[in-house]
Amino acid sequence: MKYFKLMLLFFIIFYAFTTQAQQIETALTNVRENYAGEKIYVHYDKQVYMAGESVWFKIYLLSGFVPSMFSSSICVELINDSGRTIDKKILPVINSVAAGNFELSPDLQQANYTIRAYTRRLMNFGSPYFYHHNIEVINPSNPPAAAVQKEYSLFLLPESGNFVAGLNNTVAFKCTDQWGFPADVEGIVQNSSGQEVCKLTSTHDGMGKFSITPQKEETYTAVVTINGIVNKRVSLPAAAGSGVLLGVRTENGTPYFNVNSETVKNGDRLEPAYLLATMENSIAFRINIAEDQDNIKGVLPLNALPGGIVQLTVFNGNDEPLAERLVFNFNKDFIAAGTFSTDTVSLSPRKKNVYSFDLADSLDGDFSVAVTDIGNELATYKSDNIISRFLLTNDIKGYVNNPGYYFEGDDDIHRSHLDLVMLTNGWRKFSWKEITSKQLPQITYKDPNYISLKGLVYDEENGTPVKETNLTVYIKTRDRQNDMLMAHVDKEGQVDIPGLAFSDTATLFLMDMFAKNKKRSIQFSNMPLSKLFNAAPSSLINPLKTFTANASADNIKQRYGAVLSEKEQKTITLNEIKVTAKAKNSVKTTEDKYIRNGMFKSYALKTLDLINEPVTYSTNVFEFIKTRLTGLKVVGSAGNYFLNYRNTMSLSGGMVPMAIFLDEMQVSSTLEISTIPMTDIAMIKLYSAGFMGVEGGGSGGTLAIYTKRGDDYYRPYSGRDALGSIKVEGYSPVKEFFSPDYAPGKPSPATDDNRSTIYWDPYLQTDPGNKKFSFSFYNSDHAKKFRVVLQGMTADGKLVSIEKVIE
């Protein structure tokens, strides 16, 4: 694992610490072990949405270099441009991933919306550590307010945070509008006399750098033109009389550092003592700096380090930071190797496509794939993938435009452009002052361990606590997923039921094992999920007031009309399904559910459906059928009943006993059945003589009794034997992506298929026994070119990011 590789590097290769430096390692260990954060990446099905569409997403969580095990739950919010949350999803995290969707209203105003995601773990560190992402929603029927005038800013940033007189300084710059989008800039740097000192011109996304040797007590100003139309003057910081510069350069593929200092001797605290490199709060290496050396150059040993951002810091002899610099290490060990194959490709309307991915290593992995119609894209595609998010934008401050670009190539151009990002974006993590002085946040927000139920158990009749007992808890959810578990009530009347995971709302039915006719309930002491995830509004949300959609007005209107038509068609189909479902006979439904052996589907003289007509008043099933089944004779008492149908006699003159089946198994005694509560009986069927499958021929008739199972156990009963029940809030429901099946012989809808998202699947997986998966889909009526985006993460934290255009 990468973390252990890093620690091994620290202990074996570069360990050369003084007692003071060991204090830094102790402080970093404290952060690493007690304040480890989480990184969040969200894979969306596309980048720009039409009002009325679904936003499909898959969430991945990483901590350090490996999948995060800190969180069982995550909150995802959709926030409008006024900062108001208009939708909120709380989802279970399983194996460090989660999946969900937002349903955009057809009336939603055209605007830029922010998606914010966070865990309880991240709530301890505040909103700067949350995930934020802007999505653009187009609605021609509800256009935005008038466009906001763009305002531009030019940021001048000395390479290592210091601007020192008398030394050759590298100054990076970045020009953006008020939303962080880049703007081209060119101009000059002037001194106080108006003389040109140097030129500056942006080389990539509004970023660039220039060299300058400032003089003491001199001032400097950048005089620039932005996007060829806006003129601006920005002052450089005042040059310090002494200080330390830390520079990084690459020569013939080898990275070098340079420490240049202008210091006052005789105990000056600006005297550099060593260079320290850290990754994920672990020390990667240390290089000592000899005393009285003003200019030092050396090789940065990055090859043995994992890929990602390395923080370089120059310290003095008192372990105080003097200069800092971020560098990106291009070691590609973070990539999980694999092969993407287009097994069957067809761009014809409604034809099938089959693609596959074969992971090189036999590992557990989670993946998601989106296939979209490039012809339906509303804006220029910008890549933001799992690699760029986890290795780059999660660790630095500020907006990075098109971050996936920096990982499209491993050439000098891409590397130099990424280094400009390192120079112009701040470090998101804890500062050295916070680390060494232990000015760290309190860990007060704990993970809920999925849905946990804690509280006091009490008797519903008299309100008194119930102590030292066991509860049988039946759980019924709206999506008909059901479960049963046991829970112990301690001597204080407290119960703790952790680790539940269900959607929407569940009803819990409580049965006291030592007092089955008593109603029990729970007074909860813990908060529901919606209260646990209630972070304050983020000051970092800066909703965009500009739009990148570049499709024509006619195309946008056509797309919007197609979305409305599709939603209308789905509503009609759902209504038809509901009407058909209501028409089905309730007894037939119960029979279909319970009868497994085909011989029990033969004609029955009488069927008693106790699911739809529940009964609780009879002592047992035999007492109940005495008056309900005509022709059936029941004699005896509990534990010793004799049943005969229509006084059927044997040749010797005795009454022939009825054959009895319990859950389709023939029984010879009535004792067991007579102890079953009526509330547990699902169905009773009476058959005439000669019923097949009966030992002895069944000449006395056959009685089949079925006991409840599955969700029928959780129906609320009435009467004195009723179970206590409580409603519990669950996770947000997740829709299933609709992928039409146009296989030959299948009914084909007459409506036009205008899907912009052709296919979405967030549940693709690999394991040691099966490292390959495939997925298939049918084309829409109009797509001529596909964009396939496959993202994923393996169990050891390696990443998969594949983007393909199929045409």
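As shown above, the structure is provided for reference.
For clarity, every value in this text was computed on a predicted model and none was experimentally measured.

### Points about empty space enclosed by the protein
Item 1. Overall, the coordinates contain three cavities of 30 Å³ or more when judged by the stated rule.
Item 2. Roughly 150 Å³ of volume is contained in the largest cavity.
Item 3. In this structure, the largest cavity is lined by 18 residues; those nearest its centre are Lys39, Phe65, Glu280, Gly307 and Leu391.
Item 4. Taken together, the elements giving at least two residues each to the lining of the largest cavity come down to strand E22 (308–316) and helix H4 (386–393).
Item 5. Class assignment of the residues belonging to the lining of the largest cavity gives a composition of nine nonpolar, four polar and five charged.
Item 6. Looking at the second largest cavity, its volume works out to about 100 Å³.
Item 7. Around the second largest cavity, the lining residues are Leu28, Thr278, Met279, Glu280, Asn281, Gln311, Trp427, Lys429, Phe430, Ser431, Trp432 and Ile435.
Item 8. At the level of secondary structure, the elements contributing two or more residues to the lining of the second largest cavity comprise strand E19 (272–279) and helix H6 (432–436).
Item 9. The class makeup of the residues in the lining of the second largest cavity is six nonpolar, four polar and two charged.

### A short note on the pattern of salt bridges
Item 1. Summed over all chains, the structure comprises 24 salt bridges.
Item 2. In this structure, Glu251 engages Lys297 in a salt bridge whose closest nitrogen and oxygen atoms are separated by 3.0 Å. You can see Glu251 sitting in strand E17 (residues 243–251) and its partner Lys297 sitting in strand E21 (residues 295–299), a full 46 residues away along the chain.
Item 3. Residues Glu807 and Lys785 are paired through a salt bridge, measuring 3.3 Å at the closest nitrogen-oxygen approach. With Glu807 in the segment after strand E44 (799–806) and Lys785 in the loop between strand E42 (772–778) and strand E43 (786–794), this pair connects stretches of sequence that are 22 residues apart.
Item 4. Assessed through its relative accessible area of 65%, Glu807 is described here as exposed.
Item 5. Take Lys785: its relative accessible area is 31%, and that puts it in the partly exposed class.
Item 6. By sharing partners, the salt bridges in this structure join Glu159, Arg249, Arg325 and Asp419 into a single network.

### Observations regarding helix H5 (residues 412–424)
In an α-helix, one turn spans 3.6 residues, which is why side chains three or four residues apart end up on the same side.
Item 1. The end-to-end C-alpha distance of H5 is 19 Å, a good match for the 18 Å that 13 residues give at a rise of 1.5 Å each.
Item 2. Of all the residues in H5, the buried ones are His414, His417, Leu418, Asp419, Leu420, Val421, Met422, Leu423 and Thr424.
Item 3. Elements in contact with the buried residues of H5: strand E10 (152–158), strand E11 (169–177), strand E14 (207–212), E22, strand E23 (321–329) and H4.
Item 4. Here H5 starts with a cap whose side-chain oxygen sits 3.0 Å from the backbone nitrogen of Ile413, and that cap is Asp411.

### Here's the deal with helix H9 (residues 586–594)
Item 1. Within the span of H9, buried status applies to Thr590, Glu591 and Tyr594. An end-on view of H9 places all buried positions within 100° of arc, on one side of the element.
Item 2. Looking at the buried positions of H9, the neighbouring elements they touch are strand E33 (606–609), strand E38 (681–687) and strand E39 (702–707).

### Some remarks on the sheet that holds strand E24 (residues 338–344)
Item 1. The strand order across the open sheet built from three strands is E24-E25-E42, with neighbouring strands paired in antiparallel fashion. The two strands at the open ends of the sheet, each matched to only one other strand, are E24 and E42. In this sheet, neighbouring strand axes are inclined to one another by 20° on average, regardless of whether the strands run parallel or antiparallel.

### What about the environment of Ser54?
Item 1. Looking at where Ser54 falls in the secondary structure, it is placed in strand E3 (residues 54–63).
Item 2. As for Ser54 and Phe737, which are separated by 683 residues in sequence, their C-alpha atoms are 9.1 Å apart.
Item 3. Ignoring sequence-local partners within four residues, the contact set of Ser54 consists of Asp45, Tyr49, Phe102, Glu103 and Lys735.
Item 4. In this structure the side chain of Ser54 is engaged in a polar contact, spanning 2.5 Å, whose partner is the side chain of Glu103.

### Let's talk about the sheet that holds E11
Item 1. Spatial ordering of the open sheet is given by E10-E11-E14, a layout of three strands whose pairing is antiparallel. Bordering the open sheet on either side are E10 and E14, each of which pairs with just one other strand. Neighbour to neighbour, the strand axes of the sheet diverge by 25° on average, direction disregarded.
Item 2. Pairing between E11 and E14: six bridges, direction antiparallel. Note on E14: the bridge partner recorded for Thr170 is Ser211.

### Comments concerning the packing of aromatic side chains
Item 1. Tallying each qualifying case throughout the model produces 31 aromatic pairs.
Item 2. Measuring from ring centre to ring centre gives 5.1 Å for Tyr405 and Tyr406, while their planes differ by 75°; the resulting arrangement is edge-to-face. No difference in accessibility class separates Tyr405 from Tyr406, as the two residues are buried.
Item 3. Put simply, the rings of Phe340, Tyr355, Tyr759, Phe775, Phe777 and Phe786 touch in pairs and so form one group of aromatic residues.
Item 4. If you follow Arg286 out to its NZ or CZ, it ends over the ring of Tyr274, 3.9 Å from the centre.
Item 5. Above the plane of the ring of Tyr256 lies Lys297, whose end atom (NZ or CZ) is 4.8 Å from the centre.

About the criteria used
- Residues numbered from 1 in each chain as written.
- Predicted model: local features only at pLDDT ≥ 70, side-chain atom pairs only at ≥ 80, totals over all residues.
- Heavy atoms only, no water.
- 1 Å grid on protein atoms, 1.4 Å probe; cavity = no way out; pocket = protein on both sides within 12 Å on 5 of 7 lines; lining within 4 Å.
- Points joined across faces, edges and corners; volume = space filled by probe spheres on them.
- Helix = DSSP H or I, 4+ residues; strand = E, 2+ residues; numbered from the N terminus.
- Nonpolar A, V, L, I, M, F, W, Y, C, P; charged D, E, K, R; others polar.
- Salt bridge = Lys/Arg side-chain N within 4 Å of Asp/Glu carboxyl O.
- Buried < 20%, exposed > 50% of the residue type's maximum accessible area, 1.4 Å probe, protein only.
- Expected span 1.5 Å × (residues − 1).
- Contact = heavy atoms within 4.5 Å.
- Polar contact = N/O pair within 3.5 Å; in protein donor to acceptor, adjacent residues only side chain to side chain.
- Arc of directions from axis to C-beta.
- Pairing = 2+ DSSP bridges.
- Axes fitted to C-alpha atoms, helices over the stretch in contact; angles between N-to-C directions.
- Phe/Tyr/Trp six-rings, centres within 6.5 Å; stacked < 30°, edge-to-face > 60°.
- Lys NZ or Arg CZ within 6 Å of the ring centre and 35° of its normal.

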